[in-house]
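Observations on the model geometry
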Amino acid sequence: MKKAIFPGSFDPITNGHLDVIKRSSRVFEELIVGVLVNPEKNSLFTVDERVEQIKNVVKHLSNVKVKKFSGLLIELMNKEGAEVILKGLRSISDFEYEFQMASLNNKLDPSKETVFMMTKAKYSYLSSSSVKQVAMLGGCIKGLVPEEIIPDIIKKINSK
Ligand code: PNS
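Source: prediction; values computed, not measured.

Here we come to the side chain of Thr119. Position of Thr119 relative to the elements: it lies in the loop between strand S5 (113-118) and helix H5 (128-136). Judged by relative accessible area, Thr119 falls into the buried class, the value being 13%. Setting aside residues up to four positions removed in sequence, Thr119 forms contacts with Val20, Arg23, Leu89, Arg90 and Ser124.

Listed below in structure tokens is the structure:
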């Protein structure tokens, strides 16, 4: 059994992400959710806020840890002793970008493998940016993100 890293921006975490985390936590010995510190991206939440939100919604999964990271994903993997990059695939349109990233990461470090998990069909349309757009336009985001973080999203959007 291997140690895997599920990297992303998670701004915010969606029910699609959470579904992949739950299912993959049964496949891998340990799963680290790697939250990217990306100063170039105009994020809704700070990286520390995102880490806290994810920790809160995965607290019942004993083999899942949440860590922020900056720089190369491969460097985080080496630091944590992880062999596998776990990515969720929603649709064929994700494939090209993910194939490029997987190939690049494998070129950077051939000892690392990327493993893809299909998201459930009911989450195939879901993305963090679409959740933010719906929330900003006053739409209902119930069922799209974990219940616990809905108040955070509404509060943050109202404060902007
Ligand atoms: O949720 P996102 O924004 O699509 O996640 C992108 C992420 C974090 C997976 C990707 O940007 C990443 O791995 N960044 C770390 C920098 C890195 O290692 N780049 C080289 C490989 S693409």
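The next thing to look at is H5. The complete set of buried residues in H5 reads Ser128, Val131, Lys132 and Ala135. Viewed along the axis of H5, the buried residues span an arc of 100°, placing them on a single side of the element. Turned more than 90 degrees off the buried face of H5, the exposed positions are Ser129 and Gln133. Residues of H5 that are buried make contact with helix H1 (15-24) and helix H6 (150-158). The positive-phi residue at the C-terminal boundary of H5 is Gly138, with phi of around 85°.

The environment of the ligand is formed by Pro7, Gly8, Ser9, Leu36, Lys41, Phe69, Gly71, Leu72, Leu73, Lys87, Met101 and Asn105. At 2.5 Å from an oxygen atom of the ligand is found a side-chain nitrogen or oxygen belonging to Ser9. Contact distances for the ligand include 2.8 Å between an oxygen atom and a backbone N or O atom of Leu73. Mapping the ligand onto the cavity grids shows that it belongs to the largest pocket. Looking at the shell around the ligand, the elements with two or more residues in it are strand S1 (3-8) and helix H4 (92-108). A class-by-class count of the residues in the shell around the ligand yields six nonpolar, four polar and two charged.

Cut-offs and rules
Residues numbered from 1 in each chain as written. Predicted model: local features only at pLDDT ≥ 70, side-chain atom pairs only at ≥ 80, totals over all residues. Heavy atoms only, no water. Helix = DSSP H or I, 4+ residues; strand = E, 2+ residues; numbered from the N terminus. Buried < 20%, exposed > 50% of the residue type's maximum accessible area, 1.4 Å probe, protein only. Contact = heavy atoms within 4.5 Å. Arc of directions from axis to C-beta. Near = heavy atom within 4 Å. Polar contact = N/O pair within 3.5 Å; in protein donor to acceptor, adjacent residues only side chain to side chain. 1 Å grid on protein atoms, 1.4 Å probe; cavity = no way out; pocket = protein on both sides within 12 Å on 5 of 7 lines; lining within 4 Å. Sits in = over half its atoms within 2 Å of the grid points. Nonpolar A, V, L, I, M, F, W, Y, C, P; charged D, E, K, R; others polar.

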